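# Overview (structure and organization)
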Amino acid sequence: MRIRVRRQDAPDAPSRIDAFDVAIPAGSSIHAALVAIRDRPVTVDGRRVDPPAWDAACLEGSCGGCTVRLGGRAVLACATAVDAIPPGRHGAMLEPMGRFPVLRDLVVDRDREAAANARLDAGALPAAASSSEGPLPAETPAERALRGDLAACIGCGACIDACPETGGGSPFVGAEAIAMSHLARLHPARDAAHEDHLAARLSVRGGVADCGHAQACVEACPVEVPLAGAIADGSRVTSRRWLTGWMRR
Amino acid sequence: MSAAPVAVIGAGAAGLLAALELASRGVSVALYATGGARPVASAGRWLAAAPLDTPAGDRAEEDAHVADALAASRGTADAAMVRAMVRAAPAIAEAMIRRGVPFHRRDDGRVAREGGGGHDAARLLHADAATGFHVVHALDRALAHAVTGGAPVQRCAGWEIVAIATDDAGVAIGVVAQDLRTMELHARPASAVILASGGFAGAWARSSAGIDAVGIGIAAAVRAGAVLADPDRIDLHPLAIPRPDKPIPLPDVLRGLGGRVWVPADPDDRRRARDIPAGDRVVVLDGGPAASGRADAARALAGALAEGRGVAEASGAPSHAWLDVTHLGARALAARLGRLAVEIERVTGLGLAEAPVPVVPVVHATLGGLRIAIDLDPSGHPRADSARHFATSVPGLFAVGGAAASPSGAARIAGHRLLAGLFGARLAAGAATVWAESDGARAAEAAAATLARRAGDEAVAYDRLVARAEGDGETAEEVRDALGQALHAHAGLSPSDPRALADAIDAIGARAGRARCSDRAPRVNRGAPAIRRLDAALLLARAVAASAEAREAGMASVAVRLANGQVVTTGGEAAGAADAAEAR
């Protein structure tokens, strides 16, 4: 099977494409294909090169560390077959995600995810949860299931990579951080002050209002995190905050 | 000049909680995480605490919980430490609930508990049967929030530990770490070092651990003089879905819920698993409340597969058995275990509720690790303000989570992996604070010259690794595969064979010395770190072989350390009794 890999030596270096022929069983993962290339890094035109760099850790689809583009779509290298998208005449195309600075080859700088979560302060807890006094309120199985679905986000970056609004130095935080903000607002001990704090953070430049509702994130998410609902709820709380602020004037 | 920070190495559950606890005490922290700015590690599907409505300090429940752990370990667990941990468990679980971990709820809205997994009562809290994942992410968000609020935590994201530096007196004074983006080496003073870098089960081929979980942190500690306890002790798992890249372990609790593991009566039966009627199935592991312990079950299944009773997709392919939980149905499965089936189907394409799924036994985790102390008062409670909790034999170096020897001894019950990590993190943060404010601060202040020298040494060593990129020989990655196979064959699921392992390691060690660096790149170089991981795995494999040999000779607990570059067993010490005096 022929695999083409977009190569780049450093953040500001130009990119190029190397093609490799690998002997791997049908249905092998992208990770397995890259291992095969590493063990015999000879291009189709006979050049021996340094193997492409890529990320891998858990190999079970739960750490979200190995995201690459296959045929232009961000997917998990460990949980996606390299022939999942029918390879074209020139073979399967592997590229780094496009919405993150390339460090080398398929390895990108993922700091913008953590930075987005920090901007929305998605780790903030309501006051009652921060103290150790008194029991927390109960939570229905359905409420918990929604938190579980939001918290299932593996931080793979696919939503940011697919989004039409996150390119070109855009300050937009992306769907992942908006989902984490929603998760924080659903804490069983939530209160008005907590919601207001999170809504204020969501209202900043690059916050939920920058979403163009293309829904590309929903399509891209490998975990089916309820991103559309999180964005809708984020819009709801930011509008309400704006309205209450306006009426108080 | 401000005091040197406490270095926390590893950003899994134990490392993140240690960093948060230190920061909440106002202690400055440098958090080293190989994986970068996002959480990566997430071990443990359960968190063991106590059944619902157990009154605080209920002695009968405590006794029963400890008895379960001791029974599973056949008496090899550290009873005193397990008891201290079990006592702390309800408070640890409560803290995680408050931090927003989405624990499973009952219809009445209270946090649910499951039984099974070696427990005789329903003590297991879980969040979609992926509790470690949710705990790590909740702690990571909490730390980000704390940092936003000015907490004194520096995140060294994408930095890999290369060495733990000690002074002439053998006291830990700092770390040497490499930024895996720029490949720059940094030597940083530390007023204490908490190692939370995980275990080394990834050294075994076909284990369920992450591929780089080969114990580079543990190996660095051993090179700094720390003593290992029982490195040959491993945790086995009977229910992993086989995949070419790496098996995925399912919750063993599925057996407790009635899941049966079976093979076709006729090994050549070509029917689909769901079409094979009960009469043509031979049950290897029965399900239900009386299901056997995890390690015993894994060994029994490994034995059946070794006898050729398993199913092979193709001739010569590794064989597997079938796990059938279809009797539960999709709704009941979701009601008990949340997103579990969804997640398994997402990654493997297999529907747990629809048809039997293939399973193999695997090496799941290491139970041995750095020997650590705990400082208990006569009633068995950890002493407040002690600097000895989770202290290794190197003064100033603490170890928690998978990096530390497990209190569980030779076999672990469900929920004790995550519990041990969080328990250790709390105590180690307190102990490291005490140390850092006394001896640690003085040691780190005097460290500049030593650290500069270490940084220089490691830079030279790194250049030598990259220089090994020339030539045509086998790569370090290929040699590591061979080492993984040797561990799998001689110290894995089948009864261990220490001499065969030692012989294999000698041969592989010679190959490792010649192994080629797979990468010449000056940035994001992946070849040189791979050689370091091979060297770490090799050191720990030697420790496994030495430990297994000593155990074969009748030693109940084995201590292993480096002496003049050689792995030696010192043996015989009681678990949990690491004596600080020895190292001083």
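Described in the following lines is the structure provided in the data block. Think of each chain on its own: its residues are numbered from 1, step by step along the sequence as written. Chains and ligands are labelled sequentially in the order written, the chains with letters from A and the ligands with numbers from 1. Whole-chain, interface and lining totals are the exception, using all residues; otherwise, since this is a predicted model, local features are given only for residues with pLDDT of at least 70 and side-chain atom pairs are given and counted only at 80 or more. Only hydrogens and water are removed before side-chain values are computed, so all heavy atoms of the structure are retained for them.

### Re the overall build of chain A
A run of H or I in DSSP becomes a helix once it reaches four residues, and a run of E becomes a strand once it reaches two; helices and strands are each numbered from the N terminus. When helices and strands are counted, chain A shows nine helices and seven strands. Reported as C-alpha extents along the three principal axes, the dimensions of chain A are approximately 70 × 35 × 30 Å. Sorting the 249 residues of chain A into buried and exposed places 53% on the buried side. Counting only contacts in chain A whose residues sit at least 6 apart along the sequence, the fraction spanning at least 24 positions is 66%. For the purpose of charge, His is not counted, nor are the chain termini; Lys and Arg are scored as positive and Asp and Glu as negative. Throughout, a charge is located at the NZ atom of Lys, the CZ atom of Arg, the CG atom of Asp or the CD atom of Glu. Within chain A, one finds 28 positive and 30 negative side-chain charges whose respective centroids are separated by 4 Å. Only protein chains enter the accessibility calculation, which uses a 1.4 Å probe; a residue whose area is less than 20% of its type maximum is buried, one above 50% is exposed, and one in between is partly exposed. Contacts are assigned to residue pairs with any non-hydrogen atoms lying within 4.5 Å of each other.

### Thoughts on the overall build of chain B
If you tally the helices and strands in chain B, you get 15 helices and 22 strands. With the radius of gyration taken over C-alpha atoms, the globule rule is written as 2.2 Å times the number of residues to the power 0.38. Here the C-alpha radius of gyration of chain B, 23 Å, is about what a compact globule of 584 residues would show, namely 25 Å. The principal-axis extents of the C-alpha atoms in chain B amount to approximately 75 × 65 × 50 Å. A buried classification covers 58% of the 584 residues belonging to chain B. Sequence separation of 24 or more characterises 72% of the internal contacts of chain B that already satisfy a separation of 6 or more. Summed over its atoms, the accessible surface of chain B is roughly 21,000 Å², and 52% of this surface lies on carbon and sulfur atoms. Here the open area of atoms and residues is found with the Shrake-Rupley method and a 1.4 Å probe, where only the protein chains shown may cover a residue.

### Some words on the interface of chain B and chain A
Interface extent is often summarised as the accessible area lost during association of the parts. Contacts between chain B and chain A engage 55 residues on the former and 70 residues on the latter. Note on terms: buried area is the combined drop in 1.4 Å-probe accessible area of two parts once they are placed together, counting the loss on both. Both sides together, the interface formed by chain B and chain A hides about 4,700 Å², and carbon and sulfur atoms give 48% of it. Salt bridge criterion: a side-chain nitrogen from Lys or Arg within 4 Å of a carboxyl oxygen from Asp or Glu. If you look at where chain B meets chain A, you find 11 salt bridges. Here R339(B) ties to D149(A) by a salt bridge, and the two come within 3.0 Å at their closest N and O atoms. A 3.5 Å cut-off defines polar contacts: any pair of N or O atoms within that distance qualifies, except that in protein one atom must be a possible hydrogen donor and the other a possible acceptor, and neighbouring residues in sequence count only when both atoms are side-chain atoms. Across the contact surface, chain B and chain A share 29 residue pairs in polar contact (both at pLDDT 80 or more). Every element with two or more residues in the side of chain B that touches chain A is listed here: α3 (79-98), α4 (131-148), β13 (248-249), α9 (340-348) and α12 (476-491) of chain B. In terms of residue count, α4(B) provides more of the side of chain B that touches chain A than any other element does, seven residues in total. Looking at the side of chain B that touches chain A residue by residue, the classes come out as 16 nonpolar, 14 polar and 25 charged. Throughout, the ten residues Ala, Val, Leu, Ile, Met, Phe, Trp, Tyr, Cys and Pro are labelled nonpolar, Asp, Glu, Lys and Arg are labelled charged, and all others, Gly among them, are labelled polar.

### Some points on the sheet that holds strand β4 (residues 114-116) of chain B
All names here are of chain B. By this definition, two strands are paired if DSSP reports at least two bridges between them. Strand order in this open sheet of three strands is β3-β5-β4, and the pairing throughout is antiparallel. Each edge of the open sheet carries a strand with a single partner, namely β3 (47-48) and β4. Judged from the two bridges that link them, β4 and strand β5 (residues 119-125) form a sheet pairing that is antiparallel. Within β5, the position partnered with E114 by the bridge is L124. In this analysis an axis means a line fitted to C-alpha atoms, helices contributing only their contacting stretch, and an angle means the value between N-to-C directions, from 0 to 180 degrees. Against the sheet, helix α2 (residues 59-72) contacts β3 and β5, and its axis sits at roughly 95 degrees relative to β5.

### Digging into α12(B)
A helix is expected to reach a length of 1.5 Å times the quantity of its residues less one. Taking 1.5 Å per residue, 16 residues should reach 22 Å; α12(B) reaches 21 Å between its end C-alpha atoms and fits that length. Of the positions making up α12(B), those classed as buried are A476(B), E477(B), V479(B), R480(B), A482(B), L483(B), G484(B), A486(B), L487(B), H488(B) and A491(B). Residues of α12(B) that are buried in the fold lie against α1 (30-39) of chain A together with β12 (234-241), α13 (498-514) and α14 (527-552) of chain B.

### Brief notes about the pattern of salt bridges
Inspection of the entire model under this criterion finds 65 salt bridges over all chains. Taking the shortest distance from any N to any O, the salt bridge between R105(B) and E139(A) comes out at 3.1 Å. With R105(B) in the loop between α3 and β4 and E139(A) in the loop between α3 (127-130) and α4 (141-151), this pair bridges two chains. For the pair shown, R105(B) and E139(A) are each scored as buried. The residue D232(B) makes a salt bridge to R551(B) at a minimum N-O spacing of 2.7 Å. With D232(B) in the loop between β11 (228-229) and β12 and R551(B) in helix α14, this residue pair connects regions lying 319 residues apart in the sequence. Here the residues in one salt-bridge network are R7(A), D18(A), D45(A), R47(A), R104(A), D105(A) and D519(B), joined through shared partners.

### Some details on the side chain of R104(A)
Along the chain, R104(A) falls in strand β6 (residues 102-104). Of the polar contacts made by the side chain of R104(A), one reaches the side chain of D105(A); its length is 3.5 Å. Setting aside anything within four residues of it in sequence, one finds R104(A) in contact with R7(A), Q8(A), D9(A), D50(A), P51(A), A53(A), D519(B), A521(B), R523(B), V524(B), N525(B) and R526(B).

### Regarding a nonpolar patch on the surface
Residues and elements named next belong to chain A. A contiguous nonpolar surface patch, about 510 Å² in accessible area, is contributed by W242, L243, W246 and M247. Checked against the element boundaries, W242 lands in helix α9 (residues 227-248). The class of W242 is exposed, set by a relative accessible area of 58%. Patch criteria: residues need more than 30% relative accessible area and no salt bridge. Like-charged residues are merged within 9 Å; nonpolar side chains of Val, Leu, Ile, Met, Phe, Trp and Tyr are merged within 5 Å.

### What to know about the pairing of strand β17 (residues 319-324) of chain B
Residues and elements named next belong to chain B. β17 sits mainly inside the fold: five of its six residues count as buried. Pairing between strand β14 (residues 260-264) and β17: three bridges, direction antiparallel. Paired with R260 across the bridge in β17 is D324. Across two bridges, strand β16 (residues 311-312) lies against β17 in antiparallel orientation. From the neighbouring strand, A312 faces β17, where its bridge partner is S319.

### So, the sheet that holds strand β5 (residues 92-95) of chain A
The strands making up a sheet associate through backbone hydrogen bonding, with each pair oriented either parallel or antiparallel. All names here are of chain A. The five strands lie next to each other as β2-β1-β5-β3-β4, forming an open sheet whose pairing is mixed. In the strand order of this sheet, the two ends are held by β2 (15-21) and β4 (73-76), each with one partner. This sheet shows a mean twist of 35 degrees between the axes of neighbouring strands, independent of strand direction. One ladder, built from four bridges, connects strand β3 (residues 67-70) with β4; its direction is antiparallel. Across the sheet, the residue bridging to V68 is V75, located in β4. The strands touched by α1 within the sheet are β1 (2-8), β2, β3, β4 and β5, with β1 carrying the most contacts at an inclination of about 80 degrees.

### Re the nonpolar core
To form a nonpolar core, buried Ala, Val, Leu, Ile, Met, Phe, Trp, Tyr and Cys residues must be joined to one another through side-chain atoms within 4.5 Å. I194(B), L250(B), L422(B) and F423(B) are the most contacted members of the largest nonpolar core, which totals 181 residues. In terms of residue count, helix α10 (residues 416-445) of chain B provides more of this core than any other element does, 14 residues in total. Excluding anything up to four places from it in sequence, F423(B) contacts M81(B), A84(B), M85(B), A88(B), I92(B), I374(B) and F390(B). The next biggest cluster of nonpolar side chains, apart from the first, holds 64 residues, and it includes A122(A), V173(A), L202(A) and L227(A).

### Things to note about the pairing of strand β21 (residues 559-563) of chain B
Residues and elements named next belong to chain B. In this sheet, β21 lies alongside β11 in antiparallel orientation, the contact comprising two bridges. Across the sheet, L228 pairs through a bridge with V560, a residue of β21. Pairing between β21 and strand β22 (residues 566-569): four bridges, direction antiparallel. By the bridge assignment, A563 is partnered in β22 with Q566. Counting the residues between successive antiparallel strands, the hairpin from β21 to β22 contains two residues, one of them, N564, with a positive phi of roughly 50 degrees.

### Considerations on unusual backbone geometry
Residues and elements named next belong to chain B. Even without being a glycine, R206 presents a positive backbone phi close to 55 degrees. One non-glycine residue, F390, lies in positive phi territory at about 60 degrees. Within the secondary structure, F390 is located in the loop between β19 (369-370) and β20 (397-399).

### Brief notes about the packing of aromatic side chains
Whether two aromatic rings pair depends on their centres lying within 6.5 Å, for rings of Phe, Tyr and Trp, where Trp uses its six-membered ring; planes under 30 degrees apart make the pair stacked, over 60 edge-to-face, and the rest tilted. Taken as a whole and assessed by the stated rule, the structure comprises four aromatic pairs over all chains. Geometrically, the ring pair formed by Y32(B) and W159(B) is tilted, given 6.1 Å between the ring centres and 50 degrees between the ring planes. Taken as a pair, Y32(B) in strand β2 (residues 29-33) and W159(B) in strand β7 (residues 159-166) lie far apart in primary sequence, 127 residues in all. Comparing Y32(B) with W159(B) shows no difference in burial state: the two are buried. Ring centres 6.4 Å apart and planes at 35 degrees place the aromatic pair W262(B) and W322(B) in the tilted group. Of this pair, W262(B) sits in strand β14 while W322(B) is found in strand β17, placing the two residues 60 residues apart along the sequence. You'll find W262(B) and W322(B) in the same group, each marked buried. Two conditions define a charge located above a ring, namely a distance within 6 Å from the ring centre to NZ of Lys or CZ of Arg, and an angle within 35 degrees of the ring normal. A cation over a ring is seen here: R110(A) above F100(A), with NZ or CZ 5.9 Å from the ring centre. Directly above the aromatic system of F100(A) lies the positively charged group of R112(A), at a separation of 6.0 Å from the ring centroid.

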